[in-house]
Amino acid sequence: MGLTKQYLAYRAIDSFNIITSGRSNINFVIYNKIEGRYVVSAAAENVILWDLRLGERVLTLRRDKQEVTALRVSPDRLHVAVGYNDGVVDIFDLTNPQQSLCSLALHKSAISILRYDEQGIRLVCGSLDCEMVVVDVVEQAGRQRLIGHNAPVTDAHFMERFNEQSIVVSCSKDTQIKFWNLETQFCFKTIVDNRTEVWALAFVGNLMMAGNGESTLNVYRIKPRDTQAEQAIEMAVEGLTIDDEDTISPISVTNCGVIQRAGKGRCVNLVADASERVISCHGTNDLIENFYICSEEEAKKRLAKRLKKARKAEDNDLEADGAKELSLSDEIKRLESIKVKQKIKSIDILLGARDELRVLVSLANNTIQLYSQEASFKRQKSAKEETVKLLRSINRQGHQSEVRSVCFSSDSLAIGSGSGESFKFWNRDSMQCLRTVACDYVLCSVFVPGDRYILLGLKSGKLLIVDVGSADVVEEIPAHDNELWSIALLPDQKGCVTGSSDATVKIWIFELIDSSEEAMDVDEEENVSKLKHGKVLSLLHKNTLKLEETVLCVKISPDMKYLAVGLLDSTVKVFFLDTFKFYLSLYGHKLPVLCMDISYDSSLIATGSSDRNVKIWGLDFGDCHRSLFAHDDSVMGLHFIPNTHMFFTCGKDGKIKQWDADTFDKIITLPGHIGEAYSLAVSANGRFLVTCGSDRCLRLYERTSEPIVLQDIQEEEREEIENQQLATGEDHAVPLLPGLKLASRKTVGSEKAAESILECLEICKQYEVEEDEKPELHPLMRALNVKNPQDFILATLARIRASDLEESLLLLPFSNVCELLERLPAVLAQRSDEIELLTKVTMFLFKVHMKPITGAKHMKPLLEKLIKSLKRDVSALRDVIGLNLHSLALIQHDIEEREGVALFHEATQEKKKRDKKRREGIKRQLIQMA
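Reference entry: report on the structure contained in this document. Predicted model only: the values in this text are computed from it and were never measured.

Where strands meet in a sheet, backbone hydrogen bonds hold them as pairs that are either parallel or antiparallel. The 4 strands are arranged 51-52-53-54 in an open sheet whose pairing can be described as antiparallel. Either end of the sheet is taken by a strand with one partner, and the two such strands are strand 51 (635–640) and strand 54 (666–670). Going from strand to strand, the sheet's axes swing by 20° on average, the running direction of each strand aside. Pairing analysis gives 5 bridges linking strand 52 (residues 646–651) to strand 53 (residues 656–660), with the strands arranged antiparallel. In the strand pairing of strand 53, Phe648 is matched with Gln658.

This part takes up empty space enclosed by the protein. The final tally for this structure, using the stated rule, is 3 cavities of 30 Å³ or more. Its volume calculated, the largest cavity comes out at about 70 Å³. Contributions of two or more residues to the lining of the largest cavity are made by strand 13 (141–147) and helix 10 (802–810). If one sorts the elements of the lining of the largest cavity by residue count, helix 10 sits on top with 4 residues.

Under the counting rule described, the total for this entry stands at 11 aromatic pairs. Ring geometry for Phe16 and Trp426: centres 5.1 Å apart, planes at 65°, overall edge-to-face. Of this pair, Phe16 sits in strand 1 (residues 7–16) while Trp426 sits in strand 33 (residues 422–427), and the two are 410 residues apart along the sequence. When sorted by exposure, Phe16 lands in the same class as Trp426, which is buried. Residue placement shows Arg63 over the ring face of Tyr84; its charged tip is 4.5 Å from the ring centre. Here Arg404 stacks its cationic end above the ring of Tyr678, 4.0 Å away from the centre of that ring.

Time to look at the side chain of Ser172. Assignment of secondary structure puts Ser172 in strand 15 (residues 167–172). Since its relative accessible area comes to 0%, Ser172 is described here as buried. Excluding its chain neighbours within four sequence positions, the residues that come into contact with Ser172 are His149, Ala151, Pro152, Val153, Thr154, Glu197 and Val198.

What follows is about the sheet that holds strand 41 (residues 504–514). On the basis of which strands lie adjacent, the open sheet formed by 4 strands has the order 39-40-41-42 and antiparallel pairing. Sheet topology places strand 39 (484–489) and strand 42 (535–546) at the edges, where each strand pairs with a single neighbour. The mean inter-strand angle of the sheet, taken between neighbouring strand axes irrespective of direction, is 25°. With 11 bridges joining them, strand 41 and strand 42 adopt antiparallel strand pairing. Counted as the bridge partner of Ile513 is Val536 from strand 42.

Here helix 12 (residues 835–848) crosses helix 14 (residues 860–899) at 140°, and the two axes come no closer than 11 Å. Handedness of the helix 12/helix 14 crossing: left-handed. Of helix 14, the residues touching helix 12 (which contributes Ile835, Thr839, Thr842 and Phe846) are Leu863, Leu866, Leu870, Asp873, Val874 and Leu877. The residue inventory of the contact of helix 12 with helix 14, partitioned by class, reads 7 nonpolar, 2 polar and 1 charged.

About the criteria used
Residues numbered from 1 in each chain as written. Predicted model: local features only at pLDDT ≥ 70, side-chain atom pairs only at ≥ 80, totals over all residues. Heavy atoms only, no water. Pairing = 2+ DSSP bridges. Helix = DSSP H or I, 4+ residues; strand = E, 2+ residues; numbered from the N terminus. Axes fitted to C-alpha atoms, helices over the stretch in contact; angles between N-to-C directions. 1 Å grid on protein atoms, 1.4 Å probe; cavity = no way out; pocket = protein on both sides within 12 Å on 5 of 7 lines; lining within 4 Å. Points joined across faces, edges and corners; volume = space filled by probe spheres on them. Phe/Tyr/Trp six-rings, centres within 6.5 Å; stacked < 30°, edge-to-face > 60°. Buried < 20%, exposed > 50% of the residue type's maximum accessible area, 1.4 Å probe, protein only. Lys NZ or Arg CZ within 6 Å of the ring centre and 35° of its normal. Contact = heavy atoms within 4.5 Å. Left-handed = near helix turned anticlockwise from the far one by under 90°. Nonpolar A, V, L, I, M, F, W, Y, C, P; charged D, E, K, R; others polar.

Dropping the structure here:
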């Protein structure tokens, strides 16, 4: 066997430049016991915790490949639930962010909304697949699946009012608002009076607000349904009710008016603060509107004031008499709106001390801002006074538009990135932004030898020389008439070549000139600063090559012999550099060549095209060595690794791939961008790779000392493709149970778990023999450190994730279900400490296979035995818990008596206050109706 070529693996280090993604929402969190200072925002596939005061990234919650589409911080603000594009929800603990607490596969498409209940024990998640799942966070598994909407779910809330704990309210693009009973998993009320999609819901007191596709907010009053007499009074007082005289609904919902929004377009977000005193909303533009919810006394004052004005006006006595009831305008006061400078993507609000409202905003231009304003009933704004203040803004750590060009300095310590509005310098180690240069749209960039200056090619055709140390534009050269697509340094480091849409290639020579020569058209201050530096870099135009087609890319061979030019006619023309005499035409691509590079020994040229192919040519004869189908979309960037024949490519499919130009093998596919990849750069020592893309991330990769075996990499890629398709199909095929709605999704994990149960039962059969004939312990039993079949079954079941358990049990054939049930009494007798897991397994198998189990006569004694064991063990466990609970209460009582301090006093007092307010609210409603 011949020697194989050894490759070293490149591994992703991290991504930077992204502050917040537009697709997900943003939330305040409590970190280090500080509230209002830290926020979490989605950043492509990660979630970043930002410190608003320092403007720095504190920690990152990671998961591979899938984009974050929704996130929600728990009520204690210590946990974060993150929903992804593939329908998976991960829950992270901020005190231990390295790994998620649990991963739940719930939906088939992207998560659109996540919402906790008041205690943080349940989580409802809605998806673009029109379904919702209610998750038990403690059990780490789905409990109910709610199916009924005909379009993607846009918002969902637990309605924990009027002592109703099992109601979920949801809205959807199908224009409906639905009320669900979690015990029956059915919708008991639907509101259909919205003419357009309903995008957001918010609850304050007994009011529900719905934001739709119009410029109004619909307001509904929710009341508990008690007696028919009260219903009649309510209909007479409030007007027409939305209920169609239904008797099963525990609540009644009445439309009590609309709030006219000042913003244009649909309502995107509707957010209420924790104390339910302020509501904020925004549309598709740049205006945030805030509303203050008045207490009963404040509303009465506003009513009295309104009536006083009406009496003074004396326009219509009848109208004044009719308006003596509290109206919506009395209960809701409009606060000052916040105008921002960009399109808003998401908001969150926090009401602090002294009625200070803090509004957190994520903008479409990759920026987070924090605004402050006073939110109180008595506040009267004077004409000149500005009540809205911009407290914090995080924008320095990222470009405000997509990055189109990246480059490395010659010492590989700095990275340059250019976008539509600026060019930034980054420290490669810390990934912090060092300098920002405001400029026009950057298409290409390259560091000048010595790393003191950088050249930028702009969309306008200008060539900028930027001083790296001071981040100033030294000179602006009108190099071309149209887009300057490509800059290449001369290998002798004495100049550069530029190619443009004006069908010209120009050669420039570096020269140092006295800064005083350039001082005629600049201010005196600038002049003084330049004189201090002595000489500055300039470019001297040496030669121009005119062509018939638009130039898309240029490259010079390292031996200074050839100039290669990629043209819009899909060919690459090669000229002699010294005379511009035509040498070769490389034709074969079906669409224009967008990128190319020449190997270090000037023997190979690789070209990447819009036809998705990469072609490798010999520079000696211009023959095509191989054509590789490289990407699923246009190849946007191509770069040889210095001193090798290996090169990297990136494409509009978002992937980054490494190739060998000698053997024509694909070496590895690196975890790429979400969306398109635009450009890449390899460091001068070949150790680092940086890429940019439409997800606004700059991704940095490093070469490791880990060798790659091509066959292993190919096998892993094949496995990954196979894992995307389930062996048993997508549907839940269970005989006699056609309408099974499990609150989980079948995954590869659940299929593997079912295989492990079947294997466990097969191994256990081998031990049903006499004592002396028993075989040695199976390797799997040794690995799990168990000695008998009962412990082996329990260990196998315990290793299955809670979210995959039901799906894996569902995949078992009925014969194996019977076998597992037959073994459970022995497991219960031996390991009653695991009663919870064993009860869950037994109950689920009975529920799914009820009819065949009851039809089998031999199962009857087993059923009786199982029921007896389960009842005994569950009762014992309940007694232990009851004893512990009351013992703890007794200990608490003793401590309180001894120390004279009430334990958990603050928490219990707050709960009593909340309960008192709720009772008073119900009383007020009844008095009003009477």
